[in-house]
Protein chains: 2
Amino acid sequence: MNNNLLLIIVGVAVILAVSYAVFNYLCVKKMEEGTERMGEIAGAIRIGANAFIRYEYKLVAIIGAIIAVVVFIVISWQAAIAFVIGAVLSASAGWVGMKIATYANVRVTNKARETGDLGKTLKVAFKGGSVMGLCVAGFALLGVIIVYCVFGIAAGQIDEIASGEIGRNFITGLESSFTMTLSGYALGCSIIAMFNRVGGGIYTKAADMGADLVGKTEAHIPEDDPRNPATIADNVGDNVGDVAGLGSDLLESYVGAILSAVMLACELFMHDVYASTELLNRMLLFPVIFAGCGLISCVIGISYILIKPRLSKNVHMELNIATWISAAVTIGAGAVLSYFMFRDVDLALPAVGFKVGAFSPWLAAVCGILAGILIGIISEYYTSYDYKPTKKISQSSKEGPALTVTQGLANGMISCMLPVVVLAVAIFGSYALAGMYGIACAAFGMLSFVAATVSVDTYGPISDNAGGIAEMSGLEHGVREITDKLDSVGNTTAAIGKGFAIGSAAFAALSLMTSYLYAFTGSNLLLDLIDPLTLCGALCGAALPFLFSGMLIEAVAKAARKMVEEVRRQFREIKGLLEGETLPDYKTCIEISSQGALKEMRIPCIMCILFPLVTGFIFGPMFVAGLLIGATITAIMLALFCGNAGGAWDNAKKFIEAGGVEGEGKGSPAHDASVVGDTVGDPLKDTVGPSLDILIKIMSTVSLVAVVVFSKFNLFGTLGII
Amino acid sequence: MNNNLLLIIVGVAVILAVSYAVFNYLCVKKMEEGTERMGEIAGAIRIGANAFIRYEYKLVAIIGAIIAVVVFIVISWQAAIAFVIGAVLSASAGWVGMKIATYANVRVTNKARETGDLGKTLKVAFKGGSVMGLCVAGFALLGVIIVYCVFGIAAGQIDEIASGEIGRNFITGLESSFTMTLSGYALGCSIIAMFNRVGGGIYTKAADMGADLVGKTEAHIPEDDPRNPATIADNVGDNVGDVAGLGSDLLESYVGAILSAVMLACELFMHDVYASTELLNRMLLFPVIFAGCGLISCVIGISYILIKPRLSKNVHMELNIATWISAAVTIGAGAVLSYFMFRDVDLALPAVGFKVGAFSPWLAAVCGILAGILIGIISEYYTSYDYKPTKKISQSSKEGPALTVTQGLANGMISCMLPVVVLAVAIFGSYALAGMYGIACAAFGMLSFVAATVSVDTYGPISDNAGGIAEMSGLEHGVREITDKLDSVGNTTAAIGKGFAIGSAAFAALSLMTSYLYAFTGSNLLLDLIDPLTLCGALCGAALPFLFSGMLIEAVAKAARKMVEEVRRQFREIKGLLEGETLPDYKTCIEISSQGALKEMRIPCIMCILFPLVTGFIFGPMFVAGLLIGATITAIMLALFCGNAGGAWDNAKKFIEAGGVEGEGKGSPAHDASVVGDTVGDPLKDTVGPSLDILIKIMSTVSLVAVVVFSKFNLFGTLGII
């Protein structure tokens, strides 16, 4: 089988996905917006979101340009170009998603208003979501193909590895140009993702907390009530945080997972004895082609919902079917692919690590997929109010906010163990099946049908926004009921998505770390924590996610405090506001969120780029190796803790609202207590949790790019301390 | 210098310390109790505390007996006897401390009532505290001497190592009998400490939260008001948690720190090429003699306060002087000791690792002491309301409980970084000075003046209790003012103590882990996290402290919920209670705390013993090595997070009470919000935080004892998987 011909599959997948996205985009945009008031509100949300993204991208462009120049000077022009490609594609995915979400939201409301039909409304929302899902995967693979074909094949960087002619890096002579170029691309995606996630996360939660704290708790007006000055900001936040942030985040995860496998294959080939050039080529290509197959499968899965004439009332099931179709087709296609790609190459050498022949990498990928699903199910157990843990939090609300928070903290901490055990089993399993390369396979396996999961994930905030618009436009109660139903399903399905995100991040970080170690230890791979310098690195690394999380939470709290004060001021000073006679000043609230996010996002984001660099140049590569493993370990724990604690508090509140706790309901003291829990959980689950997976990958990629330099030049090495 | 003669110094220190403790005990007991009502209340507290300790010790005795039998069968009769000695001494230290605290509390109140003099009252409280401080260090060293002289010298276990005649363990032939005996002793101390800390911690916080949640927040009656049914339980809790728990905990830390150094010396000698038997003897003895010098220094430091005729009004300074005297004399004596012990032995071989000659171990110990002090200062920065972080929490209280909690979480997370950096620098520094042995020296250095710090730490809860008795006996306001002043100083000084506890735990865990690795890898010391099995161990290990913390928090919450319901019931059903006409039913509340603690403490405590054992026998020693390092890393982070977040919430509340936030004060909405923060922090800082350092040491010690068995017999090894 001709290797390069296989790339055509990926090209077809990309063209198919992007065309489908464009088609859906135009379909959605063509629909009616509904009443004038609806149009006005949607317009305000759109303007707010556009303005924020514009500001954010300006800031990011400056930082990105600086990094690109540094990469150009220190590494290579190829890596710098790849970096820019990654940054642009990642930014575009977030931007397109945000665009379509701000068009789709009002059209979802309108569809619900016009038809009153759940299935038809779902289709609009999902069509909007699919634009984002398809673009995320499509753009990511587009970039991969460009980098692969231009630099890997046309410029001969892969041949360089195959011919053993590595070491052309002008400073260290250690690293292959191709891994550096790939790292550059991954880094570009990661940096945009970090800013989008963190900025969006701060924006959305500051607005949300501000709106809830005064609106719900003090003034006792419902969510999204037009009298609440922070309500537009809150809805803008959904678009810039839950949509644009999510899009860039998952594009980054997807790219990270695929490229970590490709890079690992290069490193394995360069540093361990490998069988043949043919095998190298196959191992380099397999992740990319597998992803292409996944993307085509997702087009099929997504079409199920968009084409099926009458969807059933069970929205949850319909969405699950779409995801399962995507997953099943991916797995099936992957098996065929794995067999045909690896059956005729020599897998005999033990260093290859393929224990079960040609199917080894496929089985490792399946390991990852299963782990992702299991982690998602466990998350659901700990966060859904159908199960005991969340119910306990609801019950605790009767004893006031303190015990609600305490019980939620306990729940979040306890919830870390099971997913980690699953992760450990999957790591060991995928390693046993296909060596270190197997761990990388598990990472991209998990994300191979990302287009479907992102479509489902994005449809949630679109429905949420649609509900907001219904409320603010004063539409009849039935409309809100439909959007609420869609929204609540979105919350549940999001749990699975989160499982994949953190799981794949763990796998990708591990394989990036392996590449990192290869890059300076040669074939004598070692990460020895009994070495004091490495241990010190691990300790500092372990503290880093705590510091990062603390800074993000504080950023949200700071902006939220300002928001609270502003909303209180408006309630106090604007006459007739609470009576619904005048409209509040939405704009000031939007500005507070926007300014808060732009100001507060810088330091944590820049910190996680600089930390491995600075310590690398002072203490050398072993310290950074410790740093990476320490950070990876605690970031996984904190991500699970934050995600599950936050999700459980949210649903514990909903359980009380749904009448789950006898004698309590909306407005009761227990409900107030549960709102406190929900508010505490907000920044944890939507700002911190999803940023942590980017944190560990950005640190790994930065280190991988820079290690060629700081493994030669570092203070401790120069002083002869180590 | 004759080695064994040096042990006489330690013997003298022990006799001196214990006699001093007995003298102070009798002094305190001889004092007047005050009014009949005071005697009654103190009696009720004493009965409650005695009853709980009795129940607890019965439970612990059963578990201890089981473990002793297992140790006897699997390891050796010497280790089993050492285990029992450790358990008995640790239990005794806690018991004596609790006894004296329940006598001293009412006598402190009475001294304040009779004299109205701060200095004189301080003396009584500190005299009570010193009994505990001296007993903790005295008992610990007593046990060490017994084990050392009887098994090490008389039974010839040290000669066995010196003669290279190791490997007499009947199962594996790998380990020396002496390290096993020492591990047995350390394990005995650790297990009692774990139960005392966890049981006491659950007891005290369930009572405290229950009392506060209903009393302060709902009924708006002051703390320790006799109308509050949970108030006696709350005061009992201070004695069983903050006194007995603390005592056993620090005894365990102290023993762990000393013995980890002794064991490491054995392992170094057995597995690496060492210079001479003489050096082995010196390295074995140095930690013990150093501790003896420290104990004598503490007797001097403690005497400063007890003998000085007129103490100044600045209580904080006086206590600090006592601590600094103890520390300074210890450091001075240590330098002399180090010089005389190591100047005439051959330090030439690089494996010895002494880089600066005879002073190397002393300098490493000083590294540890400095690190402990710095960590304490950093903790103070993050938790005292004199500084920005805590003030920010107070300010956030104006925006309600949600932002109070959020800001506190952020603060706690951010606060992890600096102490960890200090720790890392100290680890690297002490290693650079004296090799792996240096890290162990840093651990016992940090705790060498533990008698002084425990005296200061214990005086806090005694004063707290004294205040409670004053309030409940309806004494005049001036009495309470004095006890409150003493109490608040106690809270600040406790920060330093916590810094030493977690810092030394980290160092001790690391040197125990090194011994563990030596025990099965021989001299090829390696903890390679790129090995998938080790990595899986590290991941599971990292989740363990989260699980453990979550379980403890949940245990407290569960008991507290019951307490809340009971207190609410009493307020509702007992007529005339809130009007102060009838007394509440204190006994039921005591039983709820007691039952809750006894029931809930079992699973987390047993879990942390079984986890390394079970996984060791299934996955083998490398998995457990990963488990230990993973657990150590996250336990340090969580301990810092819990301690600092909890402390800051507590003080943020106090800052509002002290009028620090303009326009707010006791009873204002901001104060109510800060009480929520304080309550959330309660189990974190007083149950979880202090238990985590025991967790990592218990896991390390259990593994060290059992590794000789499971390194030979484990499922994965048998199946040939690894």
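Residues numbered from 1 in each chain as written. Chains lettered and ligands numbered in written order. Predicted model: local features only at pLDDT ≥ 70, side-chain atom pairs only at ≥ 80, totals over all residues. Heavy atoms only, no water.

## Points about the overall build of chain A
And then number 1: A tally of regular secondary structure across chain A gives 21 helices and zero strands.
And then number 2: Taking 722 residues into account, the globule formula puts the C-alpha radius of gyration at 27 Å, and chain A, at 25 Å, falls close to it.
And then number 3: If one aligns the C-alpha atoms of chain A with their principal axes, the spans along those axes are about 75 × 60 × 45 Å.
And then number 4: A buried classification covers 71% of the 722 residues belonging to chain A.
And then number 5: Excluding contacts between residues fewer than 6 apart, the proportion of contacts in chain A whose partners are at least 24 apart in sequence is 85%.
And then number 6: For chain A, the exposed area adds up to about 21,000 Å²; of that, 63% sits on carbon and sulfur atoms.
And then number 7: If the 47 positive side-chain charges of chain A are averaged to one point and the 58 negative ones to another, these points end up 4 Å apart. (Helix = DSSP H or I, 4+ residues; strand = E, 2+ residues; numbered from the N terminus. Rg over C-alpha atoms; globule rule 2.2 N^0.38 Å. Buried < 20%, exposed > 50% of the residue type's maximum accessible area, 1.4 Å probe, protein only. Contact = heavy atoms within 4.5 Å. Areas by Shrake-Rupley, 256 points an atom, 1.4 Å probe, with all protein chains shown as cover. Lys, Arg positive; Asp, Glu negative; His and termini not counted. Charge placed at Lys NZ, Arg CZ, Asp CG, Glu CD.)

## Description of helix 6 (residues 177–218) of chain B
And then number 1: Between its first and last C-alpha, helix 6 of chain B extends 59 Å over 42 residues, near the 62 Å set by a 1.5 Å rise per residue.
And then number 2: B:D212 marks where helix 6 of chain B bends most, by close to 25°. (Expected span 1.5 Å × (residues − 1). Bend = angle between axes of the 7 residues up to and from the residue.)

## With respect to the packing of helix 3 (residues 77–115) of chain B against helix 14 (residues 450–472) of chain B
All names here are of chain B.
And then number 1: The contact between helix 3 and helix 14 brings their axes to 8 Å, and the two run at 55°. One element, helix 3, and the other, helix 14, form an angle in the oblique class. You can see that helix 3 and helix 14 cross each other, and the crossing is right-handed. When helix 3 is examined against helix 14, the residues A101, A104, N105, V106, V108 and T109 are found in contact with a partner set consisting of I462, N465, A466, I469 and A470.
And then number 2: Residue composition of the contact of helix 3 with helix 14, grouped by class: eight nonpolar, three polar and no charged. (Axes fitted to C-alpha atoms, helices over the stretch in contact; angles between N-to-C directions. Parallel < 35°, antiparallel > 145°, perpendicular 65-115°, else oblique. Left-handed = near helix turned anticlockwise from the far one by under 90°. Nonpolar A, V, L, I, M, F, W, Y, C, P; charged D, E, K, R; others polar.)

## A few points about the interface of chain A and chain B
And then number 1: In this complex, chain A contributes 72 residues to the contact, which on the side of chain B involves 72 residues.
And then number 2: Considering only the surface of chain A that becomes buried against chain B, A:M413, A:I530 and A:F546 emerge as the three largest contributors, covering 11% of it.
And then number 3: The salt bridge partner of B:K392 is A:E554, with a shortest N-O separation of 2.6 Å.
And then number 4: Here chain A and chain B share 16 residue pairs in polar contact (both at pLDDT 80 or more) between them.
And then number 5: Only helix 6 (177–218), helix 11 (388–396), helix 12 (401–414), helix 13 (417–447), helix 15 (477–521), helix 16 (532–573), helix 19 (621–657) and helix 20 (669–710) of chain A provide two or more residues apiece to the side of chain A that touches chain B. (Buried area = accessible area lost by both parts, 1.4 Å probe. Salt bridge = Lys/Arg side-chain N within 4 Å of Asp/Glu carboxyl O. Polar contact = N/O pair within 3.5 Å; in protein donor to acceptor, adjacent residues only side chain to side chain.)

## Concerning the environment of B:M209
And then number 1: Residue placement: B:M209 occurs in helix 6.
And then number 2: Relative accessible area serves as the criterion here: at 0%, B:M209 is assigned to the buried category.
And then number 3: C-alpha separation for the pair B:M209 and B:A519, spaced 310 residues apart in sequence, amounts to 45 Å.
And then number 4: Apart from the residues lying within four places of it in its own chain, the contact partners of B:M209 are A:L403, A:T406, B:V556, B:A560, B:T679, B:D682 and B:P683.

## Some words on the side chain of A:S473
Residues and elements named next belong to chain A.
And then number 1: Secondary-structure assignment places S473 in the loop between helix 14 (450–472) and helix 15.
And then number 2: In this structure S473 comes out as buried when scored by relative accessible area, which is 15%.
And then number 3: Residues within four places of S473 in sequence aside, it is in contact with R37, M38 and I41.

## Observations regarding the packing of aromatic side chains
And then number 1: Within this structure, the stated rule accounts for 44 aromatic pairs over all chains.
And then number 2: Ring geometry for A:F428 and B:F716: centres 5.7 Å apart, planes at 45°, overall tilted. Of this pair, A:F428 sits in helix 13 while B:F716 sits in helix 20 (residues 715–719), each in a different chain. Residues A:F428 and B:F716 agree in their burial class; the two are buried.
And then number 3: With 5.5 Å between their ring centres and 80° between their planes, A:F449 and A:F500 make a pair best called edge-to-face. Of the two residues, A:F449 is situated in the loop between helix 13 and helix 14 and A:F500 in helix 15; the sequence distance between them amounts to 51 residues. Of the two residues, A:F449 and A:F500, neither departs from the other in class, the shared state being buried.
And then number 4: By the ring-pair criterion, three or more aromatic residues cluster together here, those being A:F286, A:F290, A:F342, A:F354, A:Y437 and A:F444. (Phe/Tyr/Trp six-rings, centres within 6.5 Å; stacked < 30°, edge-to-face > 60°.)

## Topic: the relation of the copies chain A and chain B
And then number 1: Overlaying chain A with chain B gives an RMSD of 0.0 Å, the required rotation being 180° about an axis along which the chain moves by 0.0 Å. What we have between these two chains is a two-fold relation. Among all residues of chain A, the one whose C-alpha sits closest to the rotation axis is A:D528, at a distance of 2.2 Å.
And then number 2: Looking at the interface residues of chain A, 100% of them are also at the interface in chain B, so both copies use one shared face. (Least-squares fit on C-alpha atoms with pLDDT ≥ 70 in both.)

## Regarding the pattern of salt bridges
And then number 1: For the structure shown, the criterion picks out 52 salt bridges over all chains.
And then number 2: Note that B:E33 and B:R107 form a salt bridge whose closest N and O atoms lie 3.7 Å from each other. Of this pair, B:E33 sits in the loop between helix 1 (3–30) and helix 2 (36–74) while B:R107 sits in helix 3; the two residues are 74 residues apart in sequence, bridging distant segments of the chain.
And then number 3: Counted as one network, the salt bridges with shared partners bring together A:K205, A:D208, A:D650, A:K654, A:D682, A:K685 and A:D686.

## Thoughts on unusual backbone geometry
All names here are of chain A.
And then number 1: Located in the positive-phi region is H220, a residue other than glycine, with phi close to 50°.
And then number 2: With respect to the helices and strands, the residue H220 is situated in the loop between helix 6 and helix 7 (231–271).
And then number 3: Look at H220 and you get partly exposed, because its relative accessible area is 47%.

## A short note on the environment of B:Y385
Residue and element names in this part refer to chain B.
And then number 1: For Y385, the position within the fold is in the loop between helix 10 (360–383) and helix 11 (388–396).
And then number 2: When the C-alpha atoms of Y385 and F655 are compared, they prove to be 6.2 Å apart, with 270 residues separating the residues in sequence.
And then number 3: Leave out the neighbours within four places in its chain, and Y385 touches T390, K391, N651, K654, F655 and A658.

## Quick notes on the confidence of the model for chain A
Residue and element names in this part refer to chain A.
And then number 1: Here chain A averages 89 in pLDDT, while 97% of its residues score no lower than 70.
And then number 2: Element-level pLDDT for chain A is lowest in helix 5 (residues 157–162), with a mean of 77, against a maximum mean of 95 in helix 12.
And then number 3: Taken together, the stretch residues 167–174 has pLDDT below 50 and engages in 21 contacts with residues farther than four places along the chain or on a different chain.
And then number 4: The ipTM for the predicted assembly is 0.94, set against a pTM of 0.94. (pLDDT = per-residue confidence, 0-100.)

## Focus on a nonpolar patch on the surface
Residue and element names in this part refer to chain A.
And then number 1: A surface patch of nonpolar side chains, amounting to about 510 Å² of accessible area, comprises V69, F72, I73, W77 and I81.
And then number 2: Elements represented by at least two residues in the nonpolar patch include exactly helix 2 (36–74) and helix 3 (77–115).
And then number 3: Sort the elements by how many residues they give to the nonpolar patch and helix 2 lands first, with three residues.
And then number 4: Mapped onto the secondary structure, I73 falls in helix 2. (Patch = residues over 30% accessible without salt bridge, like charges linked within 9 Å, V, L, I, M, F, W, Y side chains within 5 Å.)

## Some remarks on the side chain of B:T687
Residue and element names in this part refer to chain B.
And then number 1: With respect to the secondary-structure elements, T687 resides in helix 19 (residues 669–710).
And then number 2: Residue classification places T687 among the buried positions, given a relative accessible area of 0%.
And then number 3: Residue contacts for T687: discarding those within four places in its chain leaves V198, G201, I202, K205, L552, V556 and D682.

## Some remarks on the packing of helix 13 (residues 417–447) of chain B against helix 18 (residues 621–657) of chain B
All names here are of chain B.
And then number 1: Taken N-terminus to C-terminus, the directions of helix 13 and helix 18 make an angle of 135°; their axes are 10 Å apart at the nearest point. Overall, the two elements helix 13 and helix 18 adopt an arrangement that is oblique. In the packing of helix 13 onto helix 18, the handedness of the crossing is right-handed. Where helix 13 abuts helix 18, its residues P419, V420 and L423 lie against I636, M637 and L640.
And then number 2: Looking at the contact of helix 13 with helix 18 residue by residue, the classes come out as six nonpolar, no polar and no charged.

## Concerning the state of the cysteines
And then number 1: If you walk through the whole model with that rule in mind, you get zero disulfides over all chains.
And then number 2: Cysteine B:C441 is unpaired, with the sulfur of B:C367 as its nearest cysteine sulfur at 10 Å. (Disulfide = S-S within 2.5 Å.)

## Digging into helix 3 of chain B
Residue and element names in this part refer to chain B.
And then number 1: Here helix 3 spans 55 Å end to end across 39 residues, near enough to the 57 Å set by a 1.5 Å rise per residue.
And then number 2: A104 marks where helix 3 bends most, by close to 25°.
And then number 3: With 29 of its 39 residues buried, helix 3 lies for the most part within the structure.
And then number 4: Positive backbone phi, approximately 65°, marks G116, located one or two places after helix 3.

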